[in-house]
Amino acid sequence: MTSMHHGDIAIVGAAETTDVGVRPDLSVLGLHAEAARNALADAGLTAKDIDGVATAGPLALEVSHHLGIEPRWLDGTMVGGCSFMLHVRHAAAAIAAGAADVVLVTHGESGRSRVGVAPWAPNPASATGQFEAVYGAQTPYSTFTLPALRFLHERGMTREHLAHVVVAQRTWALNNPRAFRRKPITVEEVLAGPPIAYPFTRDMCCVVTDGGGALVLTTAERARDLPGGDRAVYLLGSGESAEGPLVSQMADPGSFAAFRRAGEEAFRTAGVSRADVDHLMAYDAFAHVPLYMLEDLGFVGRGESGDFVAEGNTMKGGSLPMNTNGGGLSYTHTGMYGMFAIQEAVRQLRGEAVEQLPKADISFVQGVGMFFAAAGSLVLSRHQG
């Protein structure tokens with residue numbers, strides 16, 4: 001019987017839009033379509049082969065209609081930037097259950113050019129609308145400040161530790177022609193940058209870009225019969241969780257419960273340990289988030305994340321290469337970054353990354369949704385089981 005984990009489900013197609021960065025030529029739906037067609041070509045399939053569609057943003061039925069897909073399974077789960085980790089998990093469950101045979105997961109956002117973007121306004125009846133937005137906590141950099149400061153204070157860390165995250169991410173982007181920020185930077189330059197909201201300076205905040213990506217999933221058995229079957233990437237384990245919509249109501253602002261729960265389930269279902277992981281994609285919309293992830297996922301102990309990054313462990317030649325495309329801080333960030341983290345994990349496991357690691361058998365992908373609201377975790381491997 002097919003399982004949703006243990007390598008029974010494979011990613012057989014993975015591609016981003018032809019260009020990422022500034023794309024005023026395409027609307028949101030156009031970015032979804034371009035990424036989808038690129039991923040289908042990568043898989044050696046067509047829209048007629050797809051019977052499941054998952055996305056966040058436009059309705060999944062809008063994407064399927066635009067591409068000429070007749071789906072028998074749809075997923076419109078929307079929990080912010082980690083939605084795509086959940087889509088992979090849900091698609092794997094659907095395929096294992098026989099609810100779909102081949103699932104297309106798409107993403108596209110005109111985060112910079114704002115082409116085809118629906119207007120946004122906080123819902124005044126929501127919890128955030130009543131208790132946070134009215135006090136000015138409407139943007140990520142204004143809601144993330146309190147937990148970031150709490151995290152640093154409790155661990156005796158400083159803003160220099162945040163700057164080291166930026167520098168480490170930038171080293172991976174220097175030779176990546178698709179990266180939005182490629183200029184070398186020092187800790188001193190990061191700290192001296194334009195202030196955004198204390199403790200963040202500009203380079204501690206993600207870039208704002210246009211782009212998209214898409215994935216094609218099916219059974220490992222079917223993957224073997226496809227032209228690119230030898231490039232398949234397998235899902236070993238996954239997890240998802242949420243804490244709540246209000247960052248001000250986190251049980252512990254210095255540690256995110258959803259990271260801990262989703263990550264633990266991913267490791268458990270995959271049957272691997274932290275020591276087995278060769279590569280980490282840790283969603284880095286802001287410089288403090290990877291520090292939370294390193295600790296909450298158990299890769300380092302409490303209070304050890306800042307020095308772990310500062311000592312070069314996440315950079316080239318380090319013990320845990322992290323965000324090897326440059327991450328949301330340097331590569332691209334359209335508004336929801338999770339798809340791009342998965343894409344880089346797939347590239348590393350296929351041996352196709354710009355900054356290819358000498359050893360990449362297992363990649364752990366961790367996403368965050370909204371402002372410490374939801375979490376999604378994936379354990380991916382180049383080997384089946």
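Before going into details, it helps to say that this report is about the structure given with it. (Residues numbered from 1 in each chain as written. Predicted model: local features only at pLDDT ≥ 70, side-chain atom pairs only at ≥ 80, totals over all residues. Heavy atoms only, no water.)

1. Quick notes on the side chain of Asp 75
- For Asp 75, the location among the structural elements is in strand E3 (residues 73–75).
- Buried and unpaired, Asp 75 has Arg 89 as its nearest opposite-charge partner, separated by 9.6 Å.
- At 2.5 Å, the side chain of Asp 75 and the side chain of Thr 77 are in polar contact.
- Apart from residues lying up to four places away in sequence, Asp 75 is in contact with Val 53, Ala 54, Thr 55, Ala 60, His 87 and His 90. (Helix = DSSP H or I, 4+ residues; strand = E, 2+ residues; numbered from the N terminus. Buried < 20%, exposed > 50% of the residue type's maximum accessible area, 1.4 Å probe, protein only. Lys, Arg positive; Asp, Glu negative; His and termini not counted. Salt bridge = Lys/Arg side-chain N within 4 Å of Asp/Glu carboxyl O. Polar contact = N/O pair within 3.5 Å; in protein donor to acceptor, adjacent residues only side chain to side chain. Contact = heavy atoms within 4.5 Å.)

2. Topic: the nonpolar core
- Counting 98 residues, the largest nonpolar core has Ile 342 and Leu 380 as the members making the most contacts within it.
- Sequence-distant contacts of Leu 380, that is, excluding residues within four places in its chain, are made with Ile 11, Val 233, Tyr 234, Leu 235, Ile 342, Ala 345, Leu 349, Asp 361, Ile 362, Ser 363 and Val 365.
- Core analysis: the second largest hydrophobic core is formed by 26 residues, Ala 35, Val 216, Ala 220 and Ala 223 among them. (Core = buried A, V, L, I, M, F, W, Y, C linked by side-chain atoms within 4.5 Å.)

3. Overview of the environment of Gly 13
- Structurally, Gly 13 is set in strand E1 (residues 9–16).
- The class for Gly 13 is buried, based on a relative accessible area of 0%.
- Considering only alpha carbons, one finds Gly 13 and Leu 215, 202 residues apart in sequence, at a separation of 5.4 Å.
- In contact with Gly 13, not counting residues within four places along its chain, are Ala 39, Asp 42, Ala 43, Ala 214, Leu 215, Val 216 and Arg 350.

4. Concerning the sheet that holds strand E2 (residues 52–55)
- Ordered by their spatial adjacency, 9 strands build an open sheet running E3-E2-E4-E7-E1-E8-E11-E10-E9, and the pairing between neighbours is mixed. Looking along the sheet, the strands with just one partner apiece sit at the ends: E3 and strand E9 (279–282). The sheet shows a mean angle of 25° between the axes of neighbouring strands, direction not considered.
- Pairing of E9 with strand E10 (residues 362–369), which is carried by 4 bridges, proceeds in the parallel orientation. When the bridges of E10 are listed, Ala 282 appears paired with Gln 366.
- Where helix H2 (residues 60–67) meets the sheet, it contacts E2, E3 and strand E4 (103–110), and its direction lies at approximately 125° from that of E2.
- With respect to the sheet, helix H3 (residues 83–97) is in contact with E1, E2, E3, E4, strand E7 (210–219), strand E8 (233–242), E10 and strand E11 (374–381), its orientation differing from that of E8 by roughly 115°. (Pairing = 2+ DSSP bridges. Axes fitted to C-alpha atoms, helices over the stretch in contact; angles between N-to-C directions.)

5. Topic: the pairing of E11
- Of all the 8 residues making up E11, 8 are buried; the element is thus mostly covered by neighbouring parts of the structure.
- Burial along E11 is two-sided: Ala 374, Gly 376, Leu 378 and Leu 380 facing one way and Ala 375, Ser 377, Val 379 and Ser 381 facing the other are all buried.
- For E8 and E11, the ladder comprises 8 bridges, and the chain directions are antiparallel. Bridging from a neighbouring strand, Ser 241 pairs with Ala 375 of E11.

6. A look at the packing of aromatic side chains
- Per the counting criterion, the structure on display carries 14 aromatic pairs.
- Taking 4.7 Å as the distance between ring centres and 80° as the angle between the ring planes, the aromatic pair formed by Phe 256 and Phe 259 counts as edge-to-face. For the pair formed by Phe 256 and Phe 259, the shared burial category is buried.
- A network of ring pairs unites the aromatic residues Phe 144, Phe 151, Phe 200, Phe 256, Phe 259, Phe 286, Tyr 292, Phe 371 and Phe 372 as a single cluster.
- Sitting above the plane of the Phe 151 ring, Arg 155 keeps its charged end 3.9 Å from the centroid.
- The positively charged end of Arg 274 is found above the aromatic ring belonging to Phe 267, 3.9 Å away from the centroid. (Phe/Tyr/Trp six-rings, centres within 6.5 Å; stacked < 30°, edge-to-face > 60°. Lys NZ or Arg CZ within 6 Å of the ring centre and 35° of its normal.)

7. Digging into the environment of Glu 109
- Examined against the element boundaries, Glu 109 turns out to sit in strand E4.
- Exposure remark for Glu 109: the relative accessible area of 17% places this residue in the buried category.
- The spacing of Glu 109 and Thr 334 is 225 residues in sequence and 5.6 Å in space, taken between C-alpha atoms.
- Residue contacts for Glu 109: discarding those within four places in its chain leaves Leu 31, Thr 209, Asp 210, Gly 211, Thr 334, Gly 335 and Met 336.
- In terms of polar contacts, Glu 109 uses its side chain to reach the side chain of Thr 334, at 2.9 Å.
- From its side chain, Glu 109 meets the backbone nitrogen of Met 336 in a polar contact 2.6 Å long.

8. Section: the environment of Trp 172
- Structurally, Trp 172 is set in helix H7 (residues 159–173).
- A relative accessible area of 2% places Trp 172 in the buried class.
- Sequence separation between Trp 172 and Gly 239 is 67 residues, and the spatial gap between their C-alpha atoms is 27 Å.
- In this view, Trp 172 contacts Thr 314, Met 315, Lys 316, Pro 321, Met 322, Asn 323, Thr 324, Asn 325, Gly 326, Glu 355 and Leu 357; residues no more than four positions away in its chain are not counted.

9. Topic: the packing of helix H6 (residues 145–155) against helix H11 (residues 289–296)
- Contact geometry for H6 and H11: axes closest at 10 Å, N-to-C directions at 55°. When the interaxial angle is binned, H6 and H11 end up oblique. Between H6 and H11 lies a crossing whose hand is left-handed. Residue-level inspection shows Pro 147, Ala 148, Phe 151 and Arg 155 of H6 in contact with H11, the latter providing Leu 291, Tyr 292 and Glu 295.
- In terms of residue class, the contact of H6 with H11 is built from 5 nonpolar, no polar and 2 charged. (Parallel < 35°, antiparallel > 145°, perpendicular 65-115°, else oblique. Left-handed = near helix turned anticlockwise from the far one by under 90°. Nonpolar A, V, L, I, M, F, W, Y, C, P; charged D, E, K, R; others polar.)

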